[in-house]
Every structure is written in structure tokens, then in C-alpha cells.
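# Structural overview for review
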Amino acid sequence: MITVSLCMIVKNEEDVLARCLESVSGLVDEIVVVDTGSTDRTREIAERFTGRVYDFIWINDFAAARNYAFSLAEKDYCMWLDADDVILDGDRAAFQTLKETLDPEVNVVMAKYNTGFDEDGNVTFSYFRERLIKNHAGMRWEGAVHEAVTPVGRVVYNGFAVTHRKLRPSDPDRNLRIYESQLARGVELEPRQQFYYGRELYYHRRYGEAIQIFEHFLDEGQGWVENNIDACCHCAYCYERLEQPGQALQSLLRSFAYDRPRAEACCELGRWFFQREQFSLAAYWYSLALTCPRDDSRGGFISLDCYGYLPSIQLCVCYSRLGDLERAERMNELAASFKPNAAPVLHNRNFFQSLKTEK
């Protein structure tokens, strides 16, 4: 059985750290906590779980802090978690099985990261991240923000998931400050960092600047296919905010140049036509979304609702507007197969039942 070192970097996480560490109790063989300057009870809480708590002077570089934490690990594999992450009870057994069965020749274990949820707690947004990394195999974290490890050697995808459970918002400007500090020092952002810089500009409503970064990133042609597709969608969001719908449409269509259509882009195209009351064309794109295979192992961001519920419920509305109530009801029941208690599903079901009662 392999052994695992949990390696964390933390700062002022007194409200969530105990929850995180309790969730891995009995699963990991070592806990290394690197504190980057806490002024609350974070260190005290960490010391209740491990004697290996260290200090690291924060230098606006997440990769540097994570590499330091990993350098202190003594077990076969290093695993990272953020303080507001947990391994839920349903994933603990899968993690233990992984430890007992993993081939020690594997260099990287990719695991699902669930980060978005609906009002009922169902996962709506997830993606795979490098979660277990073989110790002393030469892999390092890269990127001052949105840091990542480039896998080498044998990589496997596993069924256990890490769940991100925020209790409070983090500093919304931190990542942008780091990027702009780098640029002010003359640092040239590599493609992946350009992509994330563009996303930060979008989050800060600097839409024109975001478009410039995304389009430069795409025109260079060095990006990962999933980031390319996402950049096209974010360009569309920016153009929409700038009231340039034609450019938004072109950006969404551009995403098809990189790979087969993704349900996320098809749903956005459906929305584009729906907003213009072109319900037949909207229905075309929502129907196409239903045919798009969901492949989590691609590693890209997955909006789970786009692979079932969202296009189904929107098709219900489209067909209703087109006068095809029988088809609309079928689409509502298809949406119910994904989210049986969703408010729109129940509302529509009552509507269709009322029509039958009137007859």
C-alpha cells in the first residue's frame, strides 16, 4: 500500500482548517502544514493535528509555497488540499481503496474537484486536478497564480473527489494584483497564465482588456485545447457585456475550430438565439448540446447542467413557444430525470397538467 503526505499551504484559515483536517483523518500518513503568515488561530489548530507545521514568508507566488510544502514530505506521494476543501464520507472509501491498490509506478493521480453546487447541494461544476503526485519524481508546481504541475510518466484518473466548501469569500483582487505585479516587473506570462489573467480581467469587468488577452492567447496557438475553448466562451461573455452580440456569436462559433462541440458552448449558442426569440434555432443548439458526450477525463471545466438538465428545460420552453406542447412536456420530463425536484420542472409539470384538466 502506498503512503501519502498531505501538504497544505494556509493563511488565516481558522474557520475551515479543522474541518478539512478532520475529513482526512485516518486517510493520510503524514500532514505537513506550511503557514504563510496567519494572524489568527490557524497555527494552533494545525498543531492539534500534526507536529509538522512550518513558516514560509509569502512572496506572492503560490507555486513557490507549494513546492516548499512538497519538499518537506517524506511519504510515497504528496497530496494537496486547500483549507476549505474536504473529502466527504462518500469519497473516503474510494480514497482508501486507491491507497491499497495504486500501482507504485504511477506518477500522478488525477481526481475530480467539485467546486460548484446548486441549491440542493448537487454538483454543477467540476474538473479533474492533479491530486496525488509521486514524491521525488522531478515534478514541480509552476505559476504564481492558478499554479499547476505538469504531469510526467504514468497518469491515472480515479473516482474519488475533493469537494470545495467555502464559508466566506476570499480576497477578490489578490490574483489580479499578483498578475499585474508580474507584468509591471516585465514578466512575460506563459500561455496558461495568459488564459487565467484574461479570466481575472473578466471577473473584474474589464471586458475590453480581457478580450485583448484572450484573443492574443488564442492567436498565439500555444494553449491547451480546453483552455482555448473556454477562452472563446469568455470572449463571448465579454462581447455580450459590451453589447456586441455579433462578435459574441462569432467567438462561440470559433470554439468549434479546436475540437468537437462542447455542451457548454452549444448551450450558450442556444441562449444567444433564445434571447432573440429565434426559438427554432435555439432548439437546434440545445438539442445538439444533448448529443455532446461528457468526458471528464479531458480535464477541462465541466458545467454539469449543460450535459442534460439545462438543454432539456430550455427545450421545453422553446417547443412551448413554438406551439409543440407535446414535445415540450417530453423535454420537461427529460429535465426531471436529471433534477426531479427543480422548481422549473415542477412549475412546468403543473402547467401541463392544468392544460389537460381544462380539456
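First, a word on scope: everything that follows refers to the structure included in this document. (Residues numbered from 1 in each chain as written. Predicted model: local features only at pLDDT ≥ 70, side-chain atom pairs only at ≥ 80, totals over all residues. Heavy atoms only, no water.)

## Let's talk about the overall build of the chain
When you go through the chain residue by residue, the secondary structure sums to 14 helices and 11 strands. Seen through its principal axes, the chain has C-alpha atoms that stretch 70 × 50 × 40 Å. Considering only contacts within the chain whose residues lie at least 6 apart along the sequence, 65% involve residues at least 24 apart. Carbon and sulfur atoms provide 49% of the accessible area of the chain, an area that totals close to 17,100 Å². Side-chain charges in the chain split into 41 positive and 54 negative, and the spacing between the mean points of these groups amounts to 2 Å. (Helix = DSSP H or I, 4+ residues; strand = E, 2+ residues; numbered from the N terminus. Contact = heavy atoms within 4.5 Å. Areas by Shrake-Rupley, 256 points an atom, 1.4 Å probe, with all protein chains shown as cover. Lys, Arg positive; Asp, Glu negative; His and termini not counted. Charge placed at Lys NZ, Arg CZ, Asp CG, Glu CD.)

## What to know about helix α10 (residues 263-275)
Because each turn of an α-helix spans 3.6 residues, side chains separated by three or four positions end up pointing in the same direction. For α10, spanning 13 residues, the distance from its first C-alpha to its last is 18 Å, which sits close to the expected 18 Å at 1.5 Å a residue. With 11 of 13 residues buried, α10 is to be regarded as a mostly interior element. Taken as a whole, α10 has its buried residues at A263, E264, A265, C266, C267, E268, L269, G270, W272, F273 and F274. Positive phi shows up at E277, right after α10, with a value of about 60°. (Expected span 1.5 Å × (residues − 1). Buried < 20%, exposed > 50% of the residue type's maximum accessible area, 1.4 Å probe, protein only.)

## So, helix α4 (residues 89-101)
Along its 13 residues, α4 runs 19 Å from first to last C-alpha, staying within 8% of the 18 Å computed at 1.5 Å per residue. Turning to α4, its buried residues are D91, F95, L98 and K99. On an axial view of α4, the arc spanned by its buried residues comes to 95°, and they lie on one face. Relative to its buried face, α4 has exposed residues pointing more than 90 degrees away, namely D89, G90, A93 and T101. (Arc of directions from axis to C-beta.)

## Comments concerning unusual backbone geometry
For N12, which is not glycine, the phi torsion reads 50° and is therefore positive. The topology assignment puts N12 in the loop between β1 (4-10) and α1 (17-23). In the Ramachandran plot, E277 falls in the positive-phi region, its phi being about 60° despite a non-glycine side chain. Mapping E277 onto the fold places it in the loop between α10 and α11 (279-291).

## What to know about the packing of α10 against α11
Any two packed helices are characterised by the angle at which their axes cross and by the distance between the axes. Contact geometry for α10 and α11: axes closest at 8 Å, N-to-C directions at 170°. Classified by the angle their axes make, α10 and α11 are roughly antiparallel. Contact with α10, carried on its side by A263, C266, C267, L269, G270, R271, F273 and F274, involves F279, L281, A282, W285, Y286, L288 and A289 of α11 and no other residues of that element. Split into classes, the residues belonging to the contact of α10 with α11 amount to 13 nonpolar, 1 polar and 1 charged. (Axes fitted to C-alpha atoms, helices over the stretch in contact; angles between N-to-C directions. Parallel < 35°, antiparallel > 145°, perpendicular 65-115°, else oblique. Nonpolar A, V, L, I, M, F, W, Y, C, P; charged D, E, K, R; others polar.)

## Let's talk about the packing of helix α13 (residues 325-338) against helix α14 (residues 343-358)
Running from N to C, α13 and α14 cross one another at 145°; their axes reach a closest spacing of 10 Å. Crossing of α13 over α14 shows left-handed handedness. Of the residues in α14, those in contact with L325, A328, E329, N332, E333, A335 and A336 of α13 are P344, V345, N348, R349, F352, L355 and K356. Class assignment of the residues belonging to the contact of α13 with α14 gives a composition of 8 nonpolar, 2 polar and 4 charged. (Left-handed = near helix turned anticlockwise from the far one by under 90°.)

## Concerning the pattern of salt bridges
Pairs can form between side chains of opposite charge whenever their charged atoms are close. On inspection of all chains with the given rule, the structure shows 30 salt bridges. Put simply, R177 and D171 hold a salt bridge, and the shortest N to O gap is 2.6 Å. The residue D230 makes a salt bridge to R199 at a minimum N-O spacing of 2.7 Å. One end of the pair, D230, is in helix α8 (residues 225-241); the other, R199, is in helix α6 (residues 191-203), and 31 residues separate them in sequence. As far as the burial class goes, D230 and R199 line up, both buried. (Salt bridge = Lys/Arg side-chain N within 4 Å of Asp/Glu carboxyl O.)

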